[in-house]
Amino acid sequence: MQLKQEYCLAILSTLLVIATSNPIKKLLKTKQNVEEDRLEIEPPEHIEGVHMNRDGTLNKEYRQEVFLGPDHDHFEKSDDETAKKLLTKVFHEVDKDNDGTLTETELANWIFSRTEEHYQKAIAKNKDIFPKVDKDGDGIIHWPEYRLQFLTSRGYTKDIIDKLEEAEGPEDILNEHDEDDYILYRDRWARADENGDDNLSENEFLAFLHPEHCKDTMMSLVDEILHDMDQDDDKKLTLAEFVSLPLGHEDVLEKETAEDEWVRERRKEFEQHIDLNKDGKADVEELGKYMDPRNRIHAESEAQNLIIMADDNQDDKISLQEVLDNYNIFIGSKLVHFDWKVHDEF
């Protein structure tokens, strides 16, 4: 019996050692660190305060980001009681005339100011990142300097990266996904480079990482959208293209709208927020306005939406009680966000 117990203890100890020194776990940890490094020096996939992410998916947290500002995560992680207390504090900050209600103008002004906070957050983060990327400390980032760090974070060795100088194109060196990003980033770099010296200053690097906050580089976001969705290369998006229907299958749009929530959601976004002239297509100008977080029309539109959804007594204003009764509208449904994130992982 004692021998059996000692044997079991030995097996348990071995399992504990394996668990704590699991090579798969170490690999995952390494991959996680690489991912964090990559996200820090590359333009983010998710752009706070913008309707659509770089990959073309709709920003499910848009309302919370523009109403609550950069601190919106604190609300989502709080319990209901704490979240309502925080929301009450926000209510009184929005209520500038202290009459106990929020008007459409007050909401629009508040949302517009929270959008500006996202810009200030991007500036602060850029100040932190820039000296880390500027390895030689000369106050500018050279393209080869950035390219080395970007591709190293993607798993390429310096020898392979150096071969890009001699290769006819990145497709000879990089895999397909990295090649696409390399071409997009090279184009972004050129757009952000105001003086054309192929180096980026701190302000230019901000425009590279966050083109949504710079009019001169905003079009790089539009180009990325068109690159991914414009199936016939006419520099416009139809509704069918926006909901990812293959060319020639536009006749099934109504059927897909009726059966697929994802299609309904994107159709609503296209018709209400993108196709401003209602001609059934979104041109470059319309897409640029849509992706511009500092376009005041977004704040005004969101203010209207909040009143429509939370104004229970239909007086065109929102009281504190109405905000608290509908607080999931302002803070977001944690369950919905969780499902979305899990779906993304799969």
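Everything numeric in this text was worked out from a predicted model, so none of it was measured.

Engineer: How should I be thinking about the overall build of the chain in this particular structure?
Structural biologist: Secondary structure summary: the chain contains 19 helices and six strands in total. Across the 346 residues that make up the chain, the buried fraction comes to 42%. For the chain, restricting intrachain contacts to residue pairs at least 6 apart in sequence, the fraction spanning at least 24 positions comes to 58%. For the chain, the accessible area works out to roughly 19,400 Å², and carbon and sulfur atoms hold 53% of it.

Engineer: Help me understand the pattern of salt bridges in this model?
Structural biologist: Side-chain pairs of opposite charge can arise whenever the charged atoms involved come near each other. According to the stated counting rule, one finds 26 salt bridges in the structure shown. A salt bridge links Arg154 to Asp181, with the nearest nitrogen and oxygen atoms 2.7 Å apart. Of this pair, Arg154 sits in the loop between α7 (143-153) and α8 (158-162) while Asp181 sits in helix α9 (residues 176-192), and the two are 27 residues apart along the sequence. The shortest N-O distance in the salt bridge between Glu224 and Arg188 comes to 2.8 Å. With Glu224 in helix α11 (residues 218-229) and Arg188 in helix α9, the pair connects residues that are 36 residues apart, well separated along the chain.

Engineer: Explanation requested: the nonpolar core in the structure shown.
Structural biologist: The nonpolar side chains of a soluble globular protein tend to be buried with one another. Core analysis: the biggest nonpolar cluster contains 26 residues, and Phe67, Leu87, Leu107, Ile318 and Phe330 have the highest contact counts within it. Elements with a minimum of two residues in this core: α3 (62-68), α5 (80-94), α6 (104-133), α16 (296-310) and α18 (327-331). Ignoring sequence-local partners within four residues, the contact set of Ile318 consists of Phe91, Gly100, Thr101, Leu102, Leu107, Leu306, Ile307, Ala310, Val323 and Phe330.

Engineer: Sorry, what's going on with α16 here?
Structural biologist: For an α-helix the count is 3.6 residues per turn, leaving residues at separations of three or four pointing the same way. With 15 residues, α16 extends 21 Å from end C-alpha to end C-alpha; this agrees with the ideal 21 Å at 1.5 Å per step. Those residues of α16 that fall on the buried side of the exposure criterion are His298, Ala299, Ser301, Glu302, Ala303, Leu306, Ile307 and Ala310.

Engineer: What am I meant to see in the packing of α9 against helix α10 (residues 202-209) here?
Structural biologist: Between two packed helices, what matters for the description is the angle formed by their axes and the separation of those axes. One can describe the packing of α9 onto α10 by two numbers: an axis separation of 9 Å at closest approach and a directional angle of 140°. Taken together, the axis directions place α9 and α10 in an arrangement best described as oblique. Pair α9 / α10 crosses with right-handed handedness. Seen from α9, the contacting residues are Tyr185, Arg188, Trp189 and Ala192; seen from α10, they are Glu204, Phe205, Ala207, Phe208 and Leu209. Classifying every residue of the contact of α9 with α10 by side-chain character gives seven nonpolar, no polar and two charged.

Engineer: Would you explain the packing of aromatic side chains in this entry?
Structural biologist: One pair of aromatic rings is described through two measures. These are the centre distance and the angle between the planes. What the rule picks out here adds up to 14 aromatic pairs. Consider the rings of Trp143 and Tyr146, whose centres lie 6.0 Å apart with planes at 35°: the pair is tilted. Taken together, the positions of Trp143 and Tyr146, both in helix α7 and three residues apart, correspond to about one turn of that helix. Of the two residues, Trp143 and Tyr146, both sit in the buried class. The interplanar angle of 65° and the centroid separation of 5.8 Å between the aromatic rings of Trp143 and Tyr182 together place this pair among those described as edge-to-face. Separated by 39 residues along the polypeptide, Trp143 in helix α7 and Tyr182 in helix α9 bring together distant segments of the chain. Neither residue differs from the other here; Trp143 and Tyr182 are each classed as buried. Ring pairs connect the aromatic residues Phe130, Trp143, Tyr146, Phe150, Tyr182, Tyr185, Trp189, Phe205 and Phe208, which therefore count as one cluster.

Engineer: Please explain helix α14 (residues 261-274) as it appears in this structure.
Structural biologist: Here α14 is 14 residues long and its end C-alpha atoms lie 19 Å apart, about the 20 Å a rise of 1.5 Å per residue gives. By the N-cap criterion, in which a side-chain oxygen at the helix start approaches the backbone nitrogen of a residue two or three places on, α14 is capped by Asp260, the distance to Trp262 being 2.8 Å.

Engineer: It is not clear to me how the packing of α9 against α11 should be interpreted in this structure. Could you clarify?
Structural biologist: Contact geometry of α9 with α11 gives a least axis separation of 9 Å together with a crossing angle of 160°. Considered as vectors, α9 and α11 are oriented roughly antiparallel to each other. Every pair of crossing elements has a handedness; the one defined by α9 and α11 is right-handed. Between α9 and α11, the residues in contact are Leu184, Asp187, Arg188 and Arg191 and Met219, Ser220, Leu221, Asp223 and Glu224, respectively. Partitioned by chemical class, the residues of the contact of α9 with α11 number three nonpolar, one polar and five charged.

Engineer: What am I meant to see in the confidence of the model for the chain here?
Structural biologist: The predicted structure's coordinates, where accompanied by low pLDDT, should not be read in detail. Per-residue pLDDT for the chain has a mean of 83; in total, 85% of the residues score no lower than 70. Per-residue pLDDT stays below 50 along residues 1-39; that stretch engages in five contacts with residues further than four places along the chain or on separate chains. The low-confidence segment residues 333-346, where pLDDT is below 50, has 16 contacts with residues more than four positions distant or belonging to other chains.

Engineer: What is the right way to read the side chain of Glu269 from this model?
Structural biologist: Mapped onto the secondary structure, Glu269 falls in helix α14. One buried charged side chain, Glu269, makes no salt bridge at all; its nearest oppositely charged neighbour is Lys268, positioned 7.6 Å away. Excluding its chain neighbours within four sequence positions, the residues that come into contact with Glu269 are His51, Leu58, Phe242, Ile274 and Tyr290.

Engineer: What should I look at first to understand a negative patch on the surface in this one?
Structural biologist: There is a patch of like negative charges on the surface, built from Asp55, Glu176, Asp180 and Asp228. Mapped onto the secondary structure, Asp55 falls in the loop between α2 (23-41) and α3.

Engineer: Explain the environment of Gly169 here, please?
Structural biologist: Summarising the element assignment, Gly169 is placed in the loop between α8 and α9. Sequence separation of Gly169 and Ile183 is 14 residues, and the distance between their C-alpha atoms is 9.7 Å.

The rules behind these values
Residues numbered from 1 in each chain as written. Predicted model: local features only at pLDDT ≥ 70, side-chain atom pairs only at ≥ 80, totals over all residues. Heavy atoms only, no water. Helix = DSSP H or I, 4+ residues; strand = E, 2+ residues; numbered from the N terminus. Buried < 20%, exposed > 50% of the residue type's maximum accessible area, 1.4 Å probe, protein only. Contact = heavy atoms within 4.5 Å. Areas by Shrake-Rupley, 256 points an atom, 1.4 Å probe, with all protein chains shown as cover. Salt bridge = Lys/Arg side-chain N within 4 Å of Asp/Glu carboxyl O. Core = buried A, V, L, I, M, F, W, Y, C linked by side-chain atoms within 4.5 Å. Expected span 1.5 Å × (residues − 1). Axes fitted to C-alpha atoms, helices over the stretch in contact; angles between N-to-C directions. Parallel < 35°, antiparallel > 145°, perpendicular 65-115°, else oblique. Left-handed = near helix turned anticlockwise from the far one by under 90°. Nonpolar A, V, L, I, M, F, W, Y, C, P; charged D, E, K, R; others polar. Phe/Tyr/Trp six-rings, centres within 6.5 Å; stacked < 30°, edge-to-face > 60°. Polar contact = N/O pair within 3.5 Å; in protein donor to acceptor, adjacent residues only side chain to side chain. pLDDT = per-residue confidence, 0-100. Lys, Arg positive; Asp, Glu negative; His and termini not counted. Patch = residues over 30% accessible without salt bridge, like charges linked within 9 Å, V, L, I, M, F, W, Y side chains within 5 Å. Charge placed at Lys NZ, Arg CZ, Asp CG, Glu CD.

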